[in-house]
Amino acid sequence: MNVDHRILLAILMMSAVTYFTRLAGFLLASRLTLRGRAKAAIEAIPPAVLFALIAPMALAHGWPETLAAVAAGLAATRLPLLGVIAVGVGAVVALRALF
Amino acid sequence: MNMHSAHRASVSEEIRQGLADIAPVLVAMVPIGLLFGAICTTKAWTTSEVWLMSTLVFSGGAEFAAIGIWQVPVPYLALFVSTLLVSARHILMGVSLAPKMHAFSGWRLWAAAWFMTDEAWALGERRARRQPITIAYWFFMAVPVHIVWVASTVTGSIVGPLLGDPAEIGLDFAFTALFIGLIAGFWRGRLTVWVLVASGGASALVAMLVGEPWNVLAGAAAGIAAAWFAAPDEEAA
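Residues numbered from 1 in each chain as written. Chains lettered and ligands numbered in written order. Predicted model: local features only at pLDDT ≥ 70, side-chain atom pairs only at ≥ 80, totals over all residues. Heavy atoms only, no water.

Asks: Teacher, can you tell me more about the interface of chain A and chain B here?
Replies: How big an interface is tends to be stated in terms of accessible area lost as the parts join. Taken together, the contacts link 68 residues of chain A with 95 residues of chain B. Interface of chain A and chain B: buried area, both sides summed, is about 7,000 Å²; carbon and sulfur atoms make up 79% of it. Sorting the residues of chain A by area buried against chain B places Arg22, Phe26 and Arg37 of chain A first, and these three jointly supply 13% of that buried surface. Here chain A and chain B share one salt bridge between them. Across the pair Glu43 of chain A and Arg188 of chain B runs a salt bridge whose closest N-O atoms are separated by 3.5 Å. Scanning the region where chain A abuts chain B turns up 17 residue pairs in polar contact (both at pLDDT 80 or more). Every element with two or more residues in the side of chain A that touches chain B is listed here: helix H1 (5-29), helix H2 (36-43), helix H3 (45-59), helix H4 (63-76) and helix H5 (81-98) of chain A. Sorting elements by how many residues they give to the side of chain A that touches chain B places H1 of chain A first, with 22 residues. Among the residues forming the side of chain A that touches chain B, the class breakdown is 51 nonpolar, nine polar and eight charged. (Contact = heavy atoms within 4.5 Å. Buried area = accessible area lost by both parts, 1.4 Å probe. Salt bridge = Lys/Arg side-chain N within 4 Å of Asp/Glu carboxyl O. Polar contact = N/O pair within 3.5 Å; in protein donor to acceptor, adjacent residues only side chain to side chain. Helix = DSSP H or I, 4+ residues; strand = E, 2+ residues; numbered from the N terminus. Nonpolar A, V, L, I, M, F, W, Y, C, P; charged D, E, K, R; others polar.)

Asks: Mind showing me how you'd approach the side chain of Glu14 of chain B here?
Replies: All names here are of chain B. Checked against the element boundaries, Glu14 lands in helix H1 (residues 3-42). Among the polar contacts made by the side chain of Glu14, one reaches the side chain of Thr134 at a distance of 2.5 Å. Ignoring any residue separated from it by four or fewer positions in sequence, one finds Glu14 in contact with Arg127, Gln131, Thr134, Ala136 and Tyr137.

Asks: What should I look at first to understand the nonpolar core in this one?
Replies: Where a protein is soluble and globular, its nonpolar side chains tend to be buried together. Counting 87 residues, the largest nonpolar core has Phe26 of chain A together with Trp45, Met101, Trp121, Trp138 and Leu178 of chain B as its most contacted members. The dominant element in this core, judged by the number of residues it contributes, is H1 of chain A, at 10 residues. (Core = buried A, V, L, I, M, F, W, Y, C linked by side-chain atoms within 4.5 Å. Buried < 20%, exposed > 50% of the residue type's maximum accessible area, 1.4 Å probe, protein only.)

Asks: Would you take a moment to explain a nonpolar patch on the surface for this structure?
Replies: Together, Phe20 of chain A together with Leu77, Phe80, Val81 and Leu84 of chain B line one region of the surface with nonpolar side chains, adding up to about 470 Å² of accessible area. In terms of residue count, the dominant contributor to the nonpolar patch is helix H4 (residues 76-87) of chain B (four residues). Along the polypeptide, Leu77 of chain B turns up in helix H4. Given the relative accessible area of 64%, Leu77 of chain B is considered exposed. (Patch = residues over 30% accessible without salt bridge, like charges linked within 9 Å, V, L, I, M, F, W, Y side chains within 5 Å. Areas by Shrake-Rupley, 256 points an atom, 1.4 Å probe, with all protein chains shown as cover.)

Asks: Can you walk me through unusual backbone geometry in this structure?
Replies: If a residue is not glycine, its phi is most likely negative; likewise, a peptide bond is most likely trans. Residue and element names in this part refer to chain B. Between Val72 and the following residue, Pro73, the backbone shows a cis peptide bond with an omega angle of 0°. Within the secondary structure layout, Pro73 lies in the loop between helix H3 (60-69) and H4. The phi torsion at Ala44 lies on the positive side, around 65°, for a residue other than glycine. Along the polypeptide, Ala44 turns up in the loop between H1 and helix H2 (47-56). Overall, the relative accessible area of 63% leaves Ala44 in the exposed class. For Phe58, which is not a glycine, the phi torsion comes out positive at approximately 50°. On the basis of relative accessible area, Phe58 is assigned to the buried category, the value being 2%.

By themselves, these observations are geometric and do not establish any function.
Written out as structure tokens, the structure is:
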């Protein structure tokens, strides 16, 4: 093992932070029951977080990426995940060559 | 078929479905992992250090952010803040997923949390819309992400200098396409349109004006707020 002690310290600190964030929500909410608007808000977390993660690439990077994202969105209505990835990657390669 | 073998058959079916659901995610991860390992070599990290980082931190976003700001002397405070910001979404994700994890108690919940990546979480949420998340399903779906992430980043650190630019063959777009496919699994009609407009708009805007990773928190907050306001009144009653 060839590990610099400063890198080891940074890794252990980061590991503690990421695990804390993964565990905190589980422990906070395992006894939570929600109704009404609060329930709608919690149920919106999956699409809201997923789209927030990719929005810079899908919306603010350039036309090829935005159009490829639309193509992947259309593919997602009828194809399984691997097909959506293939359509998105294929479209971005073609559109980048075009623009 | 007696009850014992029926149970065994359902466990093996849960395992099979977990592996089948995660397979396309693993395919999309490999180029990203190779890229991360290759970038680490440009900051003079050894293969052992890349292995340790991916094994213990196990977060693409936090690791890319960290290697981006890595230097000597080590900016520990910046590393701490950037890791916390990049990972803060996991708290929200856990709040959303926890009520669907009935089968997990004690150390099983703590172990399940260790393996909660964006992808495993999204597949868990998707699963929970149709059936309970079993222990067999979760671990056989979520643990391969750890194995493939560690293997691909370590490989990237070894073969790094030989790799070309993944953008040339569109692989930088693989995760965007994967996440679009996952979002489709959470479609709830008009409400989802509002959530996506708010989340995507806020995230893209903040990414341009402020920068990453603030955009993720801003987008998530805007999307959640949109759902709160757009939820129909009868549901609010």
